[in-house]
Amino acid sequence: MSRASRMDRRALFTTGAAAALLAAAGVGARADPTRGGRLRMALSGAGRQDSFDAGRASGLFMQVAGAGCVFDCLTEIAADGTLRGELATGWEANADATGWRFSLRRGVSFHDGSDFTAVDAAASLERHRAAGLAGIRRIEVTDSHSLRVAFDAPAPQFPYRLSDPRYVIYPEARVDEAMAGGIGTGLYRVRRFQPGRDFVGERVEAHYKDGHAGWFDEVEIVSIPSAEVRAEALRGGYVDVADLPDTSGLPDLSDFALLPDARSMMQAASRAVVVPGRVGKALPLDNLRAAERWWMA
């Protein structure tokens, strides 16, 4: 990995303040996450025109269902704030960061059974480029699992930019179907999707993240526009997690963890769900990846 890339990684470390706050609030993390159970989330931001087109403006509901369950990006931001590979296994810049070479993960399949290759990555980046991934001059497939991206000006933050949930990777041969119904390489394949209403994903049989992420057997997301009703659903045990602007709907906080912390609450989680001791703070719901990172108590 290049010097520029290493500098990017160091710059992405967080302070650990979130971990300290969560520990003080009694939010523990077991060292032995276990597979099983269904994560139930009540989220805002859904609409009847929703799809898995990540380039369109979408609310929290589709961001969690899309980048958080069904799709992968080339890179991702870990809960500790560092940059790491997802569908990319490594990257290297030239001397002035006007060119980047990416090595891609082998042995990965889309949910339709087709193999992931550099052609899929390049086609997706071209689509994202047209939708606003600015500065790219040329995208070149160099072999089945590597590609080069050239820029008109230095782009030292490009690997970080690729972790954005808008830049998921689609199967090149079935892009329209993938956007309509969800065909990705993520930990959860679509079992049911009703735009503006609900999403149910089931864990794929085998995945390159096995043993590191994806502990739930199923993930269910329901659309509830009202924060008051989301809080009621959480209080009543109908869901495990809800995005909430404040604690007004949760008079007894002993049964819930406030995330990412009590000072900047964006959601609440039942103690029936184990939340890691350190969670991402850049986006809600552990950087949209609660379904990957959390597990049942």
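Residues numbered from 1 in each chain as written. Predicted model: local features only at pLDDT ≥ 70, side-chain atom pairs only at ≥ 80, totals over all residues. Heavy atoms only, no water.

Undergrad: What exactly am I supposed to notice about the side chain of T75 here?
TA: Structurally, T75 can be placed in strand 2 (residues 75-77). Reaching out from T75, the side chain makes a polar contact with the backbone oxygen of P159 at a distance of 2.7 Å. Of the polar contacts made by the side chain of T75, one reaches the backbone nitrogen of S163; its length is 3.1 Å. Aside from chain neighbours lying at most four places away, what touches T75 is L83, R84, G85, E86, W91, P159, L162 and S163. (Helix = DSSP H or I, 4+ residues; strand = E, 2+ residues; numbered from the N terminus. Polar contact = N/O pair within 3.5 Å; in protein donor to acceptor, adjacent residues only side chain to side chain. Contact = heavy atoms within 4.5 Å.)

Undergrad: What exactly am I supposed to notice about the pairing of strand 9 (residues 198-203) here?
TA: Successive side chains on a regular strand alternate, one facing one side of the sheet and the next facing the other. Taken across its six residues, strand 9 has five buried, putting it largely inside the fold. Bridging between strand 8 (residues 188-194) and strand 9 involves six bridges; their strand directions are antiparallel. Its bridge partner being in strand 9, R189 is matched across the sheet by E202. Two successive antiparallel strands, strand 8 and strand 9, enclose a turn made up of three residues, where G196 displays a positive phi of approximately 80°. By the bridge criterion, five bridges tie strand 9 to strand 10 (residues 218-223) in an arrangement that is antiparallel. Of the residues in strand 10, the one forming a bridge with E202 is E218. (Buried < 20%, exposed > 50% of the residue type's maximum accessible area, 1.4 Å probe, protein only. Pairing = 2+ DSSP bridges.)

Undergrad: Sorry if this is basic, but what is going on with helix 7 (residues 227-235) here?
TA: Three or four residues apart is the spacing at which side chains of an α-helix point the same way, because the helix has 3.6 residues per turn. Among all positions in helix 7, only R230, A231, A233 and L234 are buried. One side of helix 7 carries all its buried residues, which in axial view fall inside an arc of 160°. In this structure, the buried residues of helix 7 make contact with strand 1 (38-43), strand 11 (241-243), strand 12 (256-259) and strand 13 (267-270). Of the residues that open helix 7, the one with a side-chain oxygen 3.3 Å from the backbone nitrogen of E228 is S226. (Arc of directions from axis to C-beta.)

Undergrad: Help me understand the nonpolar core in this model?
TA: In terms of nonpolar packing, the biggest core is built from 69 residues, with F102, F158 and W294 touching the most fellow members. For this core, the leading source of residues is helix 3 (residues 60-70), giving eight residues. Ignoring any residue separated from it by four or fewer positions in sequence, one finds W294 in contact with W215, F216, V241, L259, A269, V273, V274, V275, P276, L285 and D286. (Core = buried A, V, L, I, M, F, W, Y, C linked by side-chain atoms within 4.5 Å.)

Undergrad: I tried to follow the environment of A95 on my own but got confused; where do I start?
TA: Within the element layout of this structure, A95 appears in the loop between strand 4 (88-93) and strand 5 (99-104). Residues A95 and P154, 59 residues apart in the sequence, show an inter-C-alpha distance of 9.5 Å.

Undergrad: Where do I start with the sheet that holds strand 7 (residues 146-151) in this structure?
TA: By way of backbone hydrogen bonds, the strands of a sheet pair with one another, either parallel or antiparallel. Spatially, 4-5-7-6 is the arrangement adopted by the four strands of the open sheet, whose pairing is antiparallel. Of all the strands in the sheet, just strand 4 and strand 6 (136-143) have a single pairing partner and so form its edges. In this sheet, neighbouring strand axes are inclined to one another by 20° on average, regardless of whether the strands run parallel or antiparallel. Relative to strand 7, strand 5 runs antiparallel, the two sharing five bridges. (Axes fitted to C-alpha atoms, helices over the stretch in contact; angles between N-to-C directions.)

Undergrad: Would you take a moment to explain the sheet that holds strand 12 for this structure?
TA: A sheet is described by the order of its strands in space; here seven strands give the open sequence 8-9-10-1-11-13-12, paired in mixed fashion. In the strand order of this sheet, the two ends are held by strand 8 and strand 12, each with one partner. Neighbouring strand axes in the sheet, compared pairwise and without regard to direction, differ in orientation by 15° on average.

Undergrad: I would appreciate a short explanation of the environment of I169 in the present structure.
TA: Mapping I169 onto the fold places it in the loop between helix 5 (158-161) and helix 6 (175-182). Taking the C-alpha atoms as reference points, I169 and H128, 41 residues apart in sequence, are found 9.5 Å from one another.

Undergrad: Please explain the pattern of salt bridges as it appears in this structure.
TA: When the charged atoms of two side chains with opposite charge come close together, those side chains can pair. With the rule as written, the count across this model stands at 25 salt bridges. Between R191 and E202 there is a salt bridge whose closest N-O contact spans 3.9 Å. Within this pair, whereas R191 is found in strand 8, its partner E202 is found in strand 9, the two being separated by eleven residues in sequence. One salt bridge connects E218 with R191, and the closest N-O pair in it is separated by 2.4 Å. In this pair, E218 is assigned in strand 10 and R191 in strand 8, connecting sequence segments 27 residues apart. The class for R191 is partly exposed, based on a relative accessible area of 43%. (Salt bridge = Lys/Arg side-chain N within 4 Å of Asp/Glu carboxyl O.)

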